[in-house]
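# Structure assessment
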Amino acid sequence: MLRTVAALTLSVVLVAPAHASAAEPPPRVPEQVGWGGAVSSVDPDASQIGIDVLRRGGNAVDAAVATAAALGVTDPFSAGIGGGGFFVHYDARTRRVSTLDGRETAPRSATEQLFVENGKPLPFSEAMTSGLSVGVPGTPKTWQQALRKWGTLNLRDAMAPAEALARRGFVVDKTFNSQIANNAARFADFTSTRDLYLPGGQPPAVGSTFRNPQLADTYRELARTELASLYGGAVGRDLVKTVQQPPVVPGSTRNVRPGAMEISDLARYQVERRDPTHTRYRGLDVYGMAAPSSGGTTVGEALNILESTDLSKASDVQYLHRFLESSRLSFADRLRWVGDPAFSQVPTEGLLSQKFADTRACLIKPDAVLPAPQPAADPNNPKPCEATAGPSNLREDAERTTHLTVADRWGNVVAYTLTIEAEGGSGIVVPGRGFLLNNELTDFEFVAPTAGVPHPNLPGPGKRPRSSMAPTIVLDHGNVVLAVGSPGGATIITTVLQILIGRLDRNMTLRDAVAAPRASQRNSATNTTPAEAEFIAAAATAGLQAIGHKFSQNAEIGAATAVERTKDGRWRAVAEPTRRGGGAARVVWVG
Ligand code: GLY
C-alpha cells in the first residue's frame, strides 16, 4: 500500500521536472559532495532527472531507472531500450549486493555458424551493421525487474521524465553531434536512422534542440502496456520486422544481412538474477557482475594477483607495471573461460580463488615484461607459475556503452552499465519507434579461436554473448565504500581496475583516480598497450619502457562514474572532468 501511495505522489511531480527548457542544460560537474543521495552519469540532463527523483523521495533504484531511461534519449548511441546491461544493487537494509543480468540474447535460430559465411568469418564491419548481430533487448525488462524488486516507483513513473525529455528536446552537445558524424555513412544507409539523426543530411548542429517524439511515444507505450508491447506486441513486431528486413535506403550498396529473430524470441526473454562475484581485497569486499559478463571475474582475478604486492609502497613504475601485468594475465584467463553459464561451466570460483591468483602472480617479474600473448591457465587445476590451458583469443571489441552510479538517502546504491554495443549499435533505428537496435551478438567469437576446440563464447540458440561490463560495489564490513563502473568494451575492465587500485592502494582521491591517465593491457599479441597521451607522457612511462613495455596512443579510454561514502556519511559523486566531454556528478543537497 505504501508503495502505491508513494508512486501516486511521485507521478504528479515527475512529469514536470525542474529543468523544463531545452535551452538551459543542467551543469556538467566532475565532483559534488553532500547529502540526500547522488547520481553520476555521462550526461547532465540524465543526472538531473535522477537527482529530481531522489529529491522527491524516490530511492536509488527509482533514480537509476529514470537516469537510464534519460540516457536512452540523450546518449542513444551508447545505450537504450534496444540494448542490454547489468544492474548491481546494494540494499542498505540487508547490507547485501544482488545483480540483474539483462544481457541481450541470441534468437533460438542462432547456431555456432551465425557469423560464418562460405566457411569464413564475416568481416566485423559487416556483421555489426546487420540484422544478424541484433540480440533480444534486455534493458526494458531490467528496469521493470529492478523496480519490482527494490524500487518504489512503477515503470510508468520512472520513465515519465525521460519521455518528457524526448518530447521537449535537449541541447545537442559536441559528443552527441560527433557520435552521429562518426556513424554518418552507415546511418545514411537506413531510412529510419537517416530521418531521425541526419535531418537535412547532416548531424543536428551543436547548440540546437533535438527532439525524439517517436521515442517518447514508444516509452509511453512500453510503460502503459507493462512492456507487453515490446515482448510480444506491436513494438515487438516492428522490431522483429526491422531485424528481418532492415530498412536499407534504395540504391545503397551496403550488404546488410537480415537476422532471424522471431516474436517468440522476444516473448521468451528473461532477466536473470545472479549471485554477484565476490573478491576480498585489502580486507574489503569487492562485488561485481558474474558471467556472462567477464567483468567481475577479470577485475577480481587481477585484484587477487595484485594482493601479494604492497602497492601503496611501490614506486610509480612498479605500481603501473604490476597493474599492466595483472590485467594481461587475467585477460588471458577471461578469454579462455568465460561465456554464458547456461551453455558451459564457467569456473567462477576458481578464477576468483586466491590460490589460483597466486599461481599467476608468481609469473610477474619486477624487471621484465611477460612475453605476449600470455596463454591462459587452468583455474580447475592451478599449478604454480605455469600456464597450461592453451592460447587465448585476442580479438578486441568496440568501445562504447554507458555507466551510471546512484546512491540514496537510505544508503542504497546502484552501479548499472548498459549498452547497445558499438557506438550507434547496429546503426538501425526501428522505423516509427525512435530507438536504435544493438549489435551485441558481435561480442560472441565468430569462430573458435583454436580450430576444432570448443569455446565458451561461440554463438548458440538463446545464448548470451560474453561481456566486459564491470559495475562494481566495494563494501567494508557490509558498509558501502564506493561504487564504480565505465563504458569502453573490454577496456571497461582495466578502467575499473585502475580506478580501484588508484583509490584503494595509492590513496588518490576518487576524483583523481577517475581522472588519472589510463592504459589498457588486454593480453595483446604485440605486447603493445593502448594508452592515453597523458599516460605516455608521464614520468613513469620511461621506466615502464625501460623494462619492455610498449605503448600506442588511444585518444580516450572509458568514461567512468562513481560514488563513495565519506566518513561523515555524505555522498561524493564523481564523473569524468574531460572524457566524453565531461560527465555530471550530482548530489541532492550540496554540503
Ligand atoms: N558490449 C560491451 C560489453 O558487453 O562488454
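Before reading further, recall that the structure is shown in the block above.
Model, not experiment: these values are computed from the prediction.

## Some remarks on the overall build of the protein chain
For the protein chain, the count of helices and strands is 20 helices and 19 strands. Over its C-alpha atoms the protein chain spans a radius of gyration of 22 Å, differing by no more than 12% from the 25 Å that the globule rule assigns to 591 residues. C-alpha extents for the protein chain along the principal axes are approximately 65 × 60 × 45 Å. Counting across all 591 residues of the protein chain, residues that qualify as buried make up 63%. Taking the intrachain contacts of the protein chain between residues at least 6 apart in sequence as the baseline, contacts between residues at least 24 apart amount to 74%.

## Some thoughts on the pattern of salt bridges
By the definition in use, this model includes 36 salt bridges. Of the charged contacts in the structure, one is a salt bridge between Arg 103 and Glu 440, with a shortest N-O distance of 3.0 Å. Of this pair, Arg 103 sits in the loop between strand E3 (96–102) and strand E4 (116–117) while Glu 440 is found in the loop between strand E12 (413–419) and strand E13 (472–476), placing the two residues 337 residues apart along the sequence. Here Glu 440 falls in the buried class, since its relative accessible area comes to 1%. Beyond isolated ion pairs, a larger network of salt bridges with shared partners links Glu 31, Arg 503, Arg 511, Glu 564 and Arg 572.

## Let's talk about the state of the cysteines
Applying the stated rule across the entire model yields one disulfide. Disulfide pairing is shown between Cys 362 and Cys 385; the S-S distance is 1.9 Å. Taken together, the residues Cys 362 in the loop between helix H16 (354–361) and strand E11 (402–408) and Cys 385 in the loop between H16 and E11 connect sequence positions 23 residues apart. Its relative accessible area of 32% is what places Cys 362 among the partly exposed residues.

## Re the packing of helix H14 (residues 316–337) against helix H17 (residues 491–504)
Between two packed helices, what matters for the description is the angle formed by their axes and the separation of those axes. Between H14 and H17, the shortest axis-to-axis distance is 11 Å and the interhelical angle comes to 140°. Relative to H17, H14 is oriented oblique. Remark: the crossing between H14 and H17 carries right-handed chirality. Contacts between H14 and H17 pair Tyr 319, Phe 323, Ser 326, Ser 327, Phe 331 and Arg 334 from the former with Ile 493, Thr 494, Leu 497, Gln 498, Ile 501 and Gly 502 from the latter. Per-class residue counts for the contact of H14 with H17 are six nonpolar, five polar and one charged.

## Comments concerning the side chain of Asp 378
Counting through the fold element by element, Asp 378 comes out in the loop between H16 and E11. Buried charge without a salt bridge: Asp 378, with Arg 336 as the nearest opposite-charge side chain at an N-O distance of 7.1 Å. A polar side-chain atom of Asp 378 sits 2.8 Å from the main-chain amide nitrogen of Asn 380.

## Here we look at the nonpolar core
Phe 87, Trp 143, Tyr 197, Tyr 219 and Val 406 are the most contacted members of the largest nonpolar core, which totals 74 residues. By residue number, the principal contributor to this core is helix H3 (residues 60–74), which donates eleven residues. Every residue in contact with Trp 143, bar those within four places of it in the chain, is listed here: Val 65, Ala 68, Ala 69, Ile 81, Leu 155, Met 159, Tyr 219 and Tyr 416. Judged by nonpolar contacts, the second largest core, of 60 residues, contains Val 97, Leu 320, Leu 510 and Ala 585.

## Remarks on the site of the ligand
The immediate surroundings of the ligand are formed by Arg 103, Thr 401, Glu 421, Glu 440, Asp 443, Ser 467, Ser 468 and Met 469. Here a nitrogen atom of the ligand and a side-chain polar atom of Asp 443 are 2.9 Å apart. The separation between an oxygen atom of the ligand and a polar side-chain atom of Ser 467 is 2.7 Å. Here the ligand loses 100% of its free accessible area of 200 Å² to cover by the protein chains. Each residue belonging to the shell around the ligand can be placed in one class, and the counts come to one nonpolar, three polar and four charged.

## Concerning the pairing of strand E9 (residues 277–281)
Of the two faces of E9, only the one carrying Thr 277, Thr 279 and Tyr 281 is buried; His 278 and Arg 280 on the other face are not. One ladder, built from five bridges, connects E9 with strand E10 (residues 284–288); its direction is antiparallel. Bridged to Thr 279 within E10 is Val 286. Here E9 folds back onto E10, and the loop between the two strands holds two residues, one of which, Arg 282, carries a positive phi near 50°.

## Focus: the environment of His 403
Here His 403 lies in strand E11. Judged by its relative accessible area of 0%, His 403 is buried. Sequence separation between His 403 and Glu 532 is 129 residues, and the spatial gap between their C-alpha atoms is 20 Å. Aside from chain neighbours lying at most four places away, what touches His 403 is Ser 40, Ser 41, Val 42, Ala 415, Tyr 416, Thr 417, Pro 471, Val 484, Gly 485, Ser 486, Pro 487 and Thr 561. Of note is the side chain of His 403, whose polar atom sits 3.3 Å from the backbone nitrogen of Gly 485.

## Quick look at the packing of helix H13 (residues 295–307) against H14
One can describe the packing of H13 onto H14 by two numbers: an axis separation of 8 Å at closest approach and a directional angle of 135°. Taken together, the axis directions place H13 and H14 in an arrangement best described as oblique. Crossing of H13 against H14: the hand is right-handed. Residues Thr 298, Glu 301, Ala 302, Ile 305 and Leu 306 of H13 form the contact with H14, whose own contacting residues are Arg 322, Phe 323, Ser 326, Leu 329, Ser 330, Phe 331, Asp 333 and Arg 334. Here the residues of the contact of H13 with H14 are counted per class, giving six nonpolar, three polar and four charged.

Basis of the calculations
- Residues numbered from 1 in each chain as written.
- Predicted model: local features only at pLDDT ≥ 70, side-chain atom pairs only at ≥ 80, totals over all residues.
- Heavy atoms only, no water.
- Helix = DSSP H or I, 4+ residues; strand = E, 2+ residues; numbered from the N terminus.
- Rg over C-alpha atoms; globule rule 2.2 N^0.38 Å.
- Buried < 20%, exposed > 50% of the residue type's maximum accessible area, 1.4 Å probe, protein only.
- Contact = heavy atoms within 4.5 Å.
- Salt bridge = Lys/Arg side-chain N within 4 Å of Asp/Glu carboxyl O.
- Disulfide = S-S within 2.5 Å.
- Axes fitted to C-alpha atoms, helices over the stretch in contact; angles between N-to-C directions.
- Parallel < 35°, antiparallel > 145°, perpendicular 65-115°, else oblique.
- Left-handed = near helix turned anticlockwise from the far one by under 90°.
- Nonpolar A, V, L, I, M, F, W, Y, C, P; charged D, E, K, R; others polar.
- Lys, Arg positive; Asp, Glu negative; His and termini not counted.
- Polar contact = N/O pair within 3.5 Å; in protein donor to acceptor, adjacent residues only side chain to side chain.
- Core = buried A, V, L, I, M, F, W, Y, C linked by side-chain atoms within 4.5 Å.
- Near = heavy atom within 4 Å.
- Areas by Shrake-Rupley, 256 points an atom, 1.4 Å probe, with all protein chains shown as cover.
- Pairing = 2+ DSSP bridges.

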